[in-house]
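A structural walkthrough
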Amino acid sequence: MPEGPVGGGTGMICHEFKGGTGTSSRRVESALGAFTVGVLVQANYGVRGEMRLGGLPIGKDLREVPLPVVHDIPSSTRPLARAATPDRETGSIIVIIATDAPLNATQCQRMARRASVGISRMGGKGGNGSGDIFLAFATGNPGAFSFEGITTVKQFPNEGMNPFFTAVGEATEEAICNALVAGRDMTGIQGNSVRGLPKKEVQDFLREHRLFE
């Protein structure tokens, strides 16, 4: 699917670069079978100086890239504005997690909480102004619901959940990266503008730290 500033991600800013929609997935191998964990994010959070890639504080090296320009707008629509303040976390992120494993509602809830692992790896901290939403669902019991009869469901053992938690953290981190990489310079309503992630500078940083050839 398209990533970056598309659909609901069009107006989003992530770590003060152009954010938006990003996706990623992981394959979970277990003694009970192989399953997929997919993640979709809409990334609209974070400050520049705290951004990380591969565990390294790349945001500090990108401080010279111009910050978003957000002009004042009429008071009737002002709640839509986002202040471009370097030390203020005012955005939010939506993370949707899906798996084909037979998980119950509590296990999905536990998996959803692990989205915060991927966000923190990117430098997000869930600031005071954040409105983060995490949702997880499983499709491993397609016949679980019936209007008329009793149904039988399968359930993955709790002791086997760790690989799913790892998959959620990794895929969330990568989905945010993909949203940023797919971003581009944009100018929107009333001249509000934001830079896309400067790819050359990012590649140079990663080469310097031997994370990119």
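Residues numbered from 1 in each chain as written. Predicted model: local features only at pLDDT ≥ 70, side-chain atom pairs only at ≥ 80, totals over all residues. Heavy atoms only, no water.

**A closer look at the overall build of the protein chain**
We apply this condition: Helix numbering and strand numbering both begin at the N terminus, where a helix is a DSSP run of H or I of at least 4 residues and a strand a DSSP run of E of at least 2. Residue burial is assigned from relative accessible area. The probe radius is 1.4 Å, only protein chains are included, and a residue is buried under 20% of its type maximum, exposed over 50%, and partly exposed in between. All accessible areas in this document rest on Shrake-Rupley with a 1.4 Å probe, and a residue is counted as covered only by the protein chains that are shown.
Within the protein chain, the secondary structure is distributed over four helices and eight strands. Along its sequence from the N terminus, the protein chain presents helices and strands in the succession β-β-β-β-β-α-α-β-α-β-β-α. For the protein chain, the C-alpha atoms occupy an extent of roughly 60 × 50 × 30 Å along the three principal directions. A buried classification covers 39% of the 213 residues belonging to the protein chain. Working note: accessible area of the protein chain is about 11400 Å², and carbon and sulfur atoms make up 53% of it.

**Comments concerning the nonpolar core**
Put simply, the rule is: Nine residue types can take part in a nonpolar core, namely buried Ala, Val, Leu, Ile, Met, Phe, Trp, Tyr and Cys, and a core is a set of them joined through side-chain atoms within 4.5 Å. We call two residues in contact whenever any of their non-hydrogen atoms come within 4.5 Å of each other.
In terms of nonpolar packing, the biggest core is built from 41 residues, with Tyr-45, Ile-93, Val-95, Ile-97, Phe-164, Ile-176 and Leu-180 touching the most fellow members. Sorting the residues of this core by element identifies strand S4 (33–44), strand S5 (92–99), helix H1 (105–113), helix H2 (115–121), helix H3 (162–181) and helix H4 (199–208) as the ones contributing at least two each. Here this core takes nine residues from H3, the largest share from any one element. Aside from chain neighbours lying at most four places away, what touches Ile-176 is Cys-14, Val-41, Tyr-45, Ile-93, Gly-118, Ile-119 and Met-122.

**Notes on H4**
This is how the line gets drawn: The directions from the helix axis to the C-beta atoms form the arc being described.
Taken together, the buried positions of H4 are occupied by Val-202, Phe-205 and Leu-206. Angularly, the buried residues of H4 cover 95° about the axis, an arc narrow enough to put them on a single face. Along H4, the residues that are exposed and aim more than 90 degrees away from the buried face are Lys-200 and Glu-208.

**Section: the packing of aromatic side chains**
Convention followed: Ring pairs are drawn from Phe, Tyr and Trp, using the six-membered ring of Trp, whenever the two centres fall within 6.5 Å, and their geometry is named by plane angle: stacked under 30 degrees, edge-to-face over 60, tilted for the rest.
Evaluation of the coordinates by the stated rule reveals four aromatic pairs. Considering the side-chain rings of Phe-35 and Phe-156, the 5.7 Å spacing of their centres and the 90° angle between planes classify their relative orientation as edge-to-face. Placement of Phe-35 in strand S4 and of Phe-156 in the loop between strand S6 (133–138) and H3 is noted, with a sequence separation of 121 residues between them. No difference in accessibility class separates Phe-35 from Phe-156, as the two residues are buried. Residues Phe-156 and Phe-164 carry aromatic rings whose centres are separated by 5.1 Å and whose planes lie at 80° to one another, so their mutual orientation is edge-to-face.

**Concerning the pairing of strand S3 (residues 20–30)**
When a strand is regular, its side chains alternate between the sheet's two faces. Here is the rule: By this definition, two strands are paired if DSSP reports at least two bridges between them.
The sheet contact formed by S3 and S4 spans eleven bridges and is antiparallel. Bridge pairing in S4 links Arg-26 to Val-37. Hairpin geometry of S3 and S4 is characterised by an intervening segment of two residues between the two adjacent antiparallel strands.

**Quick look at the sheet that holds S6**
Keep this limit in mind: Axis definition: a line fitted to C-alpha atoms, limited for helices to the stretch in contact. Angles are taken between N-to-C directions and run from 0 to 180 degrees.
As summarised here, the arrangement of the four strands in space is S3-S4-S5-S6, forming an open sheet in which the pairing is mixed. Edge positions in the open sheet fall to S3 and S6, since each of these has one partner strand only. Averaged over all adjacent pairs, the angle separating strand axes in this sheet is 15°, with direction ignored. Of the strand pairs in this sheet, S4 and S5 are connected by eight bridges, and their pairing is antiparallel. Counted as the bridge partner of Ala-43 is Ile-93 from S5. Sheet strands touched by H1: S5 and S6. Its angle to S6, the strand with the most contacts, is close to 140°. On the sheet, H3 packs against S3, S4 and S5 and is oriented at approximately 155° with respect to S3.

**Digging into unusual backbone geometry**
Non-glycine residue His-15 carries a positive phi angle of around 50°. In this fold, His-15 is placed in the loop between strand S1 (13–14) and strand S2 (17–18). For Glu-16, which is not glycine, the phi dihedral falls at a positive 65°. When you line up the elements, Glu-16 lands in the loop between S1 and S2. Classification of Glu-16 by relative accessible area gives buried; the value is 3%.

**Things to note about the pattern of salt bridges**
For clarity, the cut-off: For this document, the term salt bridge refers to a Lys or Arg side-chain nitrogen within 4 Å of an Asp or Glu carboxyl oxygen.
Tallying each qualifying case throughout the model produces seven salt bridges. Between Arg-26 and Glu-170 there is a salt bridge, and its shortest N-O distance comes to 3.1 Å. Of this pair, Arg-26 sits in strand S3 while Glu-170 sits in helix H3; the two residues are 144 residues apart in sequence, bridging distant segments of the chain. The class for Glu-170 is partly exposed, based on a relative accessible area of 31%.

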